Amino acid sequence: MVLKTSLERCMNNHKNQNIKIFVTGPSGAGKTTFIRSISQSEVLTTDVPCTNAKGKKETTVAMDYGSLNLDRYAIHLFGSPGQDRFDFTWDILRQGALGVIMLVGGHDPEQLPLLKKMHDKFLTELTIPYILGVTHQDLAEVWTPAEVADYLEIDPFLCVGINALDENSATDVLVRLFEIIEKEIEG
Amino acid sequence: MSISEELNIVLGGLRSAVPEITAALIATTDGLPVAHSLSSGDPNRLSAMAATALGLGKRICETYGGGEFKENTVSGSEGQMFIYSAGGKAVLGVITKTGGNVGLIHLEARDAASKIATILNRGM
Amino acid sequence: MLFGKIKSIPLPQIVRIIGEKSGVLEIKSPENNLYSFRFARRLFLGAKKQDNPIGDTFALKSMLLELSQKEESFFIFKEVELQEDDVSFSLPAVQLIIASLHSLRTMYQKNLPIFFPDPETVFLSTGNDPSWIGSEFFSFWIEAEPFFAKGTSAKELAKNLPIELEDILFHIYTLRLLNMIKTASKKRTFYLPISDQSDLNSIESHHTNIHLGSDSAAIGSKPPPLPSESSTTAIQIYQSDQQDIKKGLLRRLIYGFKNFFRKMYE
Ligand SMILES: Nc1nc2c(ncn2[C@@H]2O[C@H](COP(=O)(O)OP(=O)(O)O)[C@@H](O)[C@H]2O)c(=O)[nH]1
Ligand SMILES: [Mg+2]
């Protein structure tokens, strides 16, 4: 309900009805989980065997796609793999997106340096509005969204704490993203 | 005797040798206060600034080909501050009233600076 | 809760995040030595190694050096109001940041630390007063300031200054923690969503081709196959008609989508 209202206000009765949102973040942040939690459509996740620099097959790279419908709007969520060398994927996915959701696992501060690099890069290269979701807030030992905002030196309004396993909680990130867009549009 | 005590003795000796010296401070080159006898002004801030001024002085010296850096002088209408390098790790700042015997101040302060350098090299 | 390994979040950065909070920062080394630092409202009040209080600047500096070499140490910050009668230092926390940054230099002898910025990220000068950053950082600042004034990256600085890239990255990390520079963020603008379902389909199939289909994409070292010019231009950007748009709505329309693809595959 809140999501619908914030989306309506963000779109301001715009006749465009397809909304593309890009989800990124370090590996283990909760991207796949997040997209699964809020999608109504079946989530398309593809694990691709991946070869590392030494020619060993080990990691897998996942690409996620999910969508949800809200009245006349269709929200399409595209997840990116977190690996550095997939910068290229980034470049394509983020084109044409209404907004970007960056996720990080609050339980695992070792994700933070990569998050910061991604965030810096994003901030200096792109002009799409973004929101930062700090996952794993259901656990006892986590960085709070305010702490992650301090770490990134950004406005705490851009940071939301969620439990990506929970649909309602995950939705908070979208709501905030739409609020941010609405705010920025109104200037 | 601790390093701090030894350094305080050097500062005390400097002040008694040159009564025109109203205050002195020792800071690390990264700007942490080590010892001081300031009665006014923020010793933390002044230590940090003395360390920065040392860096600036060294750069200016290098840039105009002035050889090894000796000291910076910051003169105001009421007072002067001289900033000396004390080995690679520390800086000595000396504050006097305007119009003091600069020759004597330099002589004593440079001597103190080399004592400070010796103490620190031994202690760290 | 602020916690982690100092390998990914080094001491100076922790102190910066602590900011105005009051409390005790505890760091446990792999051999189970406990180091602690007390803070109250941007002041550093004192430190201990095990139960021994750190008495002076030199003891503090050697403790910082020791800690910077124990990368696997684990930290946790416990927020509490501190009684200020237990004070052996009363230093602005930023001076502890500077001192611990100096100690940190010993840490990047082999690999570039993960917490260094990306060499291509652009930083801009904040215009803050540099008079307290200390001798060495100031020396770098003097050289680099003209570049930061217009915005520069580590990569660009390495081309223009007689300084190694890793030193430049260290200094950028430093100057950023000291609030002398910040990322040069662009003003946020808005891509309008895709105008109709057919366009969306073209984008989806586009992705499918590139990332899910062929083996070359999976390997990751080879670039994905290039999309044809026609698939590029099939993606429409909604061209807004100013009159249609309500006051202030989507006033900064981006239409760089086509240009972007064109540039990328030229
Ligand atoms: N408790 C908890 N677990 C989560 C949360 N988000 C993700 N996870 C778990 O963290 C692991 C990694 O999540 P995943 O979505 O695969 O991360 P990705 O690499 O970003 O796609 C999975 O086991 C998830 O179940 C969360 O908010 N809370
Ligand atoms: Mg995943």
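Residues numbered from 1 in each chain as written. Chains lettered and ligands numbered in written order. Predicted model: local features only at pLDDT ≥ 70, side-chain atom pairs only at ≥ 80, totals over all residues. Heavy atoms only, no water.

Visitor: Please give an account of the layout of surface pockets that cites residues and values.
Guide: Over the atoms, a rolled probe matching the size of one water molecule traces out where space is still vacant. All names here are of chain C. There is about 380 Å³ of room inside the largest pocket. Together, 18 residues line the largest pocket, and Arg-16, Gly-19, Arg-42, Ile-97 and Asn-179 are the ones closest to its centre. Put simply, the parts of the chain that give the lining of the largest pocket at least two residues each are α1 (11-18) and α3 (93-104). Per element, the largest residue contribution to the lining of the largest pocket is four residues, and it comes from α1. When grouped by side-chain class, the residues that make up the lining of the largest pocket number ten nonpolar, two polar and six charged. Summarising the domain contributions, the lining of the largest pocket has at least three residues from each of domain 1 (2-107) and domain 2 (123-185 + 229-265). (1 Å grid on protein atoms, 1.4 Å probe; cavity = no way out; pocket = protein on both sides within 12 Å on 5 of 7 lines; lining within 4 Å. Points joined across faces, edges and corners; volume = space filled by probe spheres on them. Helix = DSSP H or I, 4+ residues; strand = E, 2+ residues; numbered from the N terminus. Nonpolar A, V, L, I, M, F, W, Y, C, P; charged D, E, K, R; others polar. Domains from an automatic or database assignment.)

Visitor: Describe the side chain of Glu182(A), and please don't skip the residues or the numbers.
Guide: Residues and elements named next belong to chain A. Within the secondary structure, Glu-182 sits in helix α6 (residues 167-186). Residue classification places Glu-182 among the buried positions, given a relative accessible area of 12%. Setting aside anything within four residues of it in sequence, one finds Glu-182 in contact with Arg-9 and Cys-10. (Buried < 20%, exposed > 50% of the residue type's maximum accessible area, 1.4 Å probe, protein only. Contact = heavy atoms within 4.5 Å.)

Visitor: Just give me the short version of the interface of chain B and chain C, but keep the residues and values in it.
Guide: Opposite the 22 residues of chain B that make contact, chain C presents 23 residues. Carbon and sulfur atoms make up 62% of the surface buried where chain B meets chain C, a total of about 1900 Å² over both sides. Counting every contact that joins chain B to chain C gives three salt bridges. As a salt-bridge pair, Glu143(C) and Arg59(B) come within 2.4 Å of each other at their nearest N and O atoms. Summed over the shared surface of chain B and chain C, the result is twelve residue pairs in polar contact (both at pLDDT 80 or more). Contributing elements (two or more residues each) for the side of chain B that touches chain C: α1 (3-17), β2 (33-36) and α2 (43-64) of chain B. At ten residues, the largest contribution of residues to the side of chain B that touches chain C is made by α2(B). For the side of chain B that touches chain C, the residue count by class is twelve nonpolar, seven polar and three charged. (Buried area = accessible area lost by both parts, 1.4 Å probe. Salt bridge = Lys/Arg side-chain N within 4 Å of Asp/Glu carboxyl O. Polar contact = N/O pair within 3.5 Å; in protein donor to acceptor, adjacent residues only side chain to side chain.)

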